[in-house]
Amino acid sequence: MSLRTDISYAVLVFANLIPLLGVIWFNYTVVDIVLVYVIETVVVIFFSVIKIFFAQKESNPYTQILGKPANTVSRFTTAAVFVLSFAFFTFVQLVLVFALFKSGGTRYGFMIVPVLALFASHGVSLVINYFYLGERKNYAPDDFFLRVFLRIFITQAVVVIGGQFVVIFNSPMVALII
C-alpha cells in the first residue's frame, strides 16, 4: 500500500468511527445513526455523478443510451437518470426510517459532523483513488447504477431488519448492533 491509499483508508475509518463515538459520547439515537447512513447514500450519489462524467472506460454496447457510445450527451442523460432513480430510492429509505423507528426525537443539528466526515471520506477517495491512481480507467459511465443500487438495497435491508428487531425486542437500541 502506498501513503496515498493509506490516507484514503484512514479518512474512511475516521468517518465511520464518528457515528460510533456519537453513540458512546453524545447520545446519538438509532434514528440519528440510520439517518447518517441514509444521508451517506446522498453523498455516494453526489460523488457517483462526478465519476459518471469522468469515467474513461467505454460503455457496454448493450446499455448505451440510444445506441451511442459514452459521449457528453449520454453522460448527462446517464447522470440525470441516475439522480432521479436514486432520489426515489433515498426517499423510500427515509420513509422506512421514519416509519420503522418512529423518529420524533431526532436532533437534526447533530448531523453536521458525521456528514462532513462522509463528504471528506468520499472526496479523499475520489481524488486519490479515482483521479490520481486512475481508478476511472476501469469504469464506464453506466457502471455506477448497479454499484449504487446494490448499496441502497443492502442499506434498506438493514433498516428493515433493524426495524423488525426494534419491534420484536421493543428497544430501538437493538438496531445499533445490526
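Residues numbered from 1 in each chain as written. Predicted model: local features only at pLDDT ≥ 70, side-chain atom pairs only at ≥ 80, totals over all residues. Heavy atoms only, no water.

### Some remarks on the overall build of the protein
- Helices and strands together make up the secondary structure of the protein, namely six helices and zero strands.
- Along the protein, from the amino end to the carboxyl end, the secondary structure elements read α-α-α-α-α-α.
- Residues counted as buried form 40% of the 178 residues belonging to the protein.
- In the protein, the proportion of contacts linking residues at least 24 apart, taken out of those at least 6 apart, comes to 82%.
- As displayed, the protein offers around 10,200 Å² of accessible surface, 73% of which is attributable to carbon and sulfur atoms. (Helix = DSSP H or I, 4+ residues; strand = E, 2+ residues; numbered from the N terminus. Buried < 20%, exposed > 50% of the residue type's maximum accessible area, 1.4 Å probe, protein only. Contact = heavy atoms within 4.5 Å. Areas by Shrake-Rupley, 256 points an atom, 1.4 Å probe, with all protein chains shown as cover.)

### So, the nonpolar core
- Counting 16 residues, the largest nonpolar core has Phe82, Phe86, Tyr130, Phe144 and Val148 as its most contacted members.
- With six residues, helix 2 (residues 30–54) is the single largest residue contributor to this core.
- Setting aside chain neighbours within four positions, we find Phe86 in contact with Ile45, Phe145, Val148, Phe149 and Ile152.
- Counting 14 residues, the second largest nonpolar core, distinct from the first, contains Tyr28, Val38, Val115 and Val159. (Core = buried A, V, L, I, M, F, W, Y, C linked by side-chain atoms within 4.5 Å.)

### A few points about the packing of aromatic side chains
- Taken as a whole and assessed by the stated rule, the structure comprises 11 aromatic pairs.
- A connected cluster of aromatic rings, assembled from ring pairs, spans Phe54, Tyr130, Phe131, Tyr139 and Phe144. (Phe/Tyr/Trp six-rings, centres within 6.5 Å; stacked < 30°, edge-to-face > 60°.)

### Considerations on a nonpolar patch on the surface
- On the surface, Val13, Leu17, Leu20, Ile24, Trp25 and Phe26 cluster together into a nonpolar patch covering about 650 Å² of accessible area.
- Relative to the helices and strands, Val13 is located in helix 1 (residues 3–26). (Patch = residues over 30% accessible without salt bridge, like charges linked within 9 Å, V, L, I, M, F, W, Y side chains within 5 Å. Salt bridge = Lys/Arg side-chain N within 4 Å of Asp/Glu carboxyl O.)

### Considerations on the environment of Tyr130
- Along the polypeptide, Tyr130 turns up in helix 4 (residues 112–132).
- Residues Tyr130 and Phe54 lie 76 residues apart in sequence; the distance between their C-alpha atoms is 9.1 Å.
- Filtering out sequence-adjacent residues up to four positions away, Tyr130 remains in contact with Lys51, Phe54, Ala55, Ser125, Glu135, Arg136, Tyr139 and Phe144.
- For Tyr130, the side chain forms a polar contact with the main-chain oxygen of Lys51, separated by 2.7 Å. (Polar contact = N/O pair within 3.5 Å; in protein donor to acceptor, adjacent residues only side chain to side chain.)

### Structural notes on the packing of helix 2 against helix 4
- In contact at an axis separation of 10 Å, helix 2 and helix 4 are set at 25° when each is read in the N-to-C sense. Judged by the inter-axis angle, helix 2 sits roughly parallel to helix 4. The chirality of how helix 2 crosses helix 4 is right-handed. Mapping the contact onto sequence places Val36, Ile39, Glu40, Val43, Val44, Phe46, Phe47, Ile50, Lys51 and Phe54 in helix 2 and Pro114, Val115, Leu118, Phe119, His122, Gly123, Leu126, Tyr130 and Phe131 in helix 4.
- Its residues assigned to classes, the contact of helix 2 with helix 4 shows 15 nonpolar, two polar and two charged. (Axes fitted to C-alpha atoms, helices over the stretch in contact; angles between N-to-C directions. Parallel < 35°, antiparallel > 145°, perpendicular 65-115°, else oblique. Left-handed = near helix turned anticlockwise from the far one by under 90°. Nonpolar A, V, L, I, M, F, W, Y, C, P; charged D, E, K, R; others polar.)

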